[in-house]
Amino acid sequence: MNTLEAIATRCSTRRFANRSVEQEKLDAIVTAAGQAPSGGNFRGCHLVVIRDAKVLNHLAEIATECFAEMTYDENTYQSKKNSINLSRKGLYEFYYHAPVLIVVADQKSHPNAMADSACALENMMLAANELDLGSCWINQMHWLEEDARLRDYLEQFGITKEETITGSLAVGYADREDGLPNRKPFAKAPLRVDYVG
Ligand SMILES: Cc1cc2nc3c(=O)[nH]c(=O)nc-3n(C[C@H](O)[C@H](O)[C@H](O)COP(=O)(O)O)c2cc1C
């Protein structure tokens, strides 16, 4: 698969097989994150690769608890509203039972923290596709990053007070007959592109 194919066939995976991911594949994915560009070559991205099912379940419990307590109005971002509504019903599953969740953080003081993390996340998603793994960007850790329950829990895995949690990535084999991620993207409207010259 060349780069353009990896880009064109990457789709979010939200159903994962109960199958662990080989260490070599995870190594390749985190290496891809490290090869992403970063503003001023700051290279402040910090990845926490969570494979422990108990930890993943506890993160899901914390997320459900936090979202269930939130309120929303008509201006609230739709995805956040969905998270709140599902959490209130006890039906919220933010990481889709993926066997791996890679939490991404960067220094709060770094003005390009989010942009650098997005580059690292995209590199990881493309690498996962190349390696026949599904992935999905999971934003909840970022939304909840100020919550003391989440902060205190993630601190024991190395996330520091100086870091902002920018996002996370669910990774694993897709729960499909052939075990491969869906590579047929839905039709996307083209972006507005203006050429000058
Ligand atoms: C910044 C960002 C945040 C996202 N957060 C979530 C999320 O929390 N949960 C989720 O299921 N998908 C999330 N996604 C995935 C998008 O929903 C998905 O990329 C979009 O619907 C297009 O589908 P595709 O990835 O299959 O092309 C996120 C994507 C981005 C770029």
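Our structure's up above, just so we're on the same page.
Criteria and thresholds
Residues numbered from 1 in each chain as written. Predicted model: local features only at pLDDT ≥ 70, side-chain atom pairs only at ≥ 80, totals over all residues. Heavy atoms only, no water. Helix = DSSP H or I, 4+ residues; strand = E, 2+ residues; numbered from the N terminus. Contact = heavy atoms within 4.5 Å. Buried < 20%, exposed > 50% of the residue type's maximum accessible area, 1.4 Å probe, protein only. Polar contact = N/O pair within 3.5 Å; in protein donor to acceptor, adjacent residues only side chain to side chain. Patch = residues over 30% accessible without salt bridge, like charges linked within 9 Å, V, L, I, M, F, W, Y side chains within 5 Å. Areas by Shrake-Rupley, 256 points an atom, 1.4 Å probe, with all protein chains shown as cover. Salt bridge = Lys/Arg side-chain N within 4 Å of Asp/Glu carboxyl O. Phe/Tyr/Trp six-rings, centres within 6.5 Å; stacked < 30°, edge-to-face > 60°.

Caption draft 1: Layout of the side chain of Ser135. Note on placement: Ser135 falls in strand S3 (residues 134-138). Setting aside residues up to four positions removed in sequence, Ser135 forms contacts with Cys11, Ser12, Thr13, Phe16, Met125, Ala128, Leu169, Ala170 and Val171.

Caption draft 2: Quick peek at helix H7 (residues 148-155). Burial in H7 covers these residues: Leu150, Arg151, Tyr153 and Leu154. Packing partners of the buried residues in H7 comprise strand S1 (46-50), helix H3 (53-69), helix H6 (140-143) and strand S4 (163-172). Backbone nitrogen of Arg149 and a side-chain oxygen of the N-cap are separated by 2.8 Å at the start of H7; the cap is Asp147.

Caption draft 3: View of a nonpolar patch on the surface. A cluster of nonpolar residues, Leu191, Val193 and Tyr195, forms a patch on the protein surface that exposes about 430 Å² of accessible area. Relative to the assigned elements, Leu191 resides in the segment after S4.

Caption draft 4: Layout of the packing of aromatic side chains. The tally for this structure, following the rule as stated, stands at 6 aromatic pairs. Centre to centre, the rings of Tyr77 and Trp143 are 5.7 Å apart; their planes meet at 80 degrees, and the pair counts as edge-to-face. Of the two residues, Tyr77 sits in the loop between H3 and helix H4 (78-88) while Trp143 sits in helix H6, which places them 66 residues apart along the sequence. Both rings, one in Tyr92 and one in Phe94, keep their centres 6.4 Å apart while their planes meet at 35 degrees; by these two values the pair is tilted. Take Tyr92: its relative accessible area is 9%, and that puts it in the buried class.

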